[in-house]
Amino acid sequence: MRLVLVGPPGAGKGTQAEIIAERLGIPKISTGDIFRANVSGGTPLGLKAKEYMDAGDLVPDEVTNEMVADRLAQDDAADGFLLDGYPRNTEQAKVLDGILKAAGAELDLALELVASDDEVVRRLSGRRVSKSTGKVYHLEFDPPADPDSDDLYQRSDDRPETIKNRLKVYAEQTAPLVGYYEAQGKLVEIDAIGEVDEVTARALTAIGAAE
Ligand code: AP5
Ligand code: MG
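Definitions and cut-offs
Residues numbered from 1 in each chain as written. Chains lettered and ligands numbered in written order. Predicted model: local features only at pLDDT ≥ 70, side-chain atom pairs only at ≥ 80, totals over all residues. Heavy atoms only, no water. Pairing = 2+ DSSP bridges. Helix = DSSP H or I, 4+ residues; strand = E, 2+ residues; numbered from the N terminus. Axes fitted to C-alpha atoms, helices over the stretch in contact; angles between N-to-C directions. Buried < 20%, exposed > 50% of the residue type's maximum accessible area, 1.4 Å probe, protein only. Arc of directions from axis to C-beta. Contact = heavy atoms within 4.5 Å.

1. A look at the sheet that holds strand E3 (residues 81–84)
- Across the sheet, which stays open at both edges, the five strands sit in the order E2-E3-E1-E4-E8 with parallel pairing between neighbours. Since the sheet does not close on itself, it has two edges, and those belong to strand E2 (28–30) and strand E8 (187–191), each with one partner. Going from strand to strand, the sheet's axes swing by 25° on average, the running direction of each strand aside.
- Taken together, the four bridges between strand E1 (residues 2–6) and strand E4 (residues 109–114) define a ladder with parallel strand orientation.

Printed below as a string of structure tokens:
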């Protein structure tokens, strides 16, 4: 199964991608995670991406598209994948269609996680990540054992000013993807409000993989 997850920052894309990809036995490919790993590793790719990420803007398409093309060319993605955070504009969606077409494949579905601005701001503001395990918590909705632990950090783009710009960038550049995939008959809307398990169940039902 070849899937993409679309949705505003904080809608729960990463949370759901982890669970759904494991359930379906396909790799989860999160462009945000790949960029963040490169930023912490100080790689040339990380250096290019950092200023855009800190501002909440999109990293330029040529950088992002090449990175995704390389990742999709790896063996584990040959029969399926779940992309989290890519594509993020219509240009990237066209590039993805081209990459798949060249490989004799096509996308199955685009899952849109739908959540209000108020809810995503609440989710982003309370998000904390474990340095040692990478696990994502929420101070209120999925609290870590010790909320004051030195092991926890807040993502640098989860500051209020950056959240505001990420929402603006989503509305202006990413939301048009919904129409793009609707026109291809591939869009499925998933209500992202509710418990994590409920949202997962809705997504699995929508893709016909519910147990
Ligand atoms: P990226 O890392 O993709 O960030 P994002 O899209 O802003 O989304 P987030 O990761 O913030 O949120 P999420 O939807 O994954 O939510 P999560 O599951 O963590 O991108 C970061 C940056 O990288 C971009 O700004 C850009 O600069 C660059 N970039 C990435 N891809 C790019 C591309 N294709 N092109 C160009 N640039 C790109 O959940 C959030 C919180 O809510 C957590 O605390 C979680 O515990 C909690 N939560 C989750 N589900 C629920 C629920 N059901 N109920 C209550 N709480 C919940
Ligand atoms: Mg994420």
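There is more to say, and it comes next.
2. Topic: helix H8 (residues 176–183)
- Of all the positions in H8, only Leu177, Val178, Tyr180 and Tyr181 are classed as buried. Projected down its long axis, H8 shows its buried positions confined to an angular sector of 160°, all on one face. Within H8, the exposed residues directed more than 90 degrees away from the buried face are Glu182 and Ala183.
- Structurally, H8 contributes buried residues whose contacts are with E1, helix H5 (90–102), E4, helix H7 (160–174) and E8.

3. A word on the environment of aspartate 150
- If you trace the backbone, aspartate 150 turns up in the loop between strand E6 (136–138) and strand E7 (152–153).
- For aspartate 150, a relative accessible area of 68% puts it in the exposed group.
- It is 9.0 Å that separates the C-alpha atoms of aspartate 150 and serine 130, two residues lying 20 residues apart in sequence.

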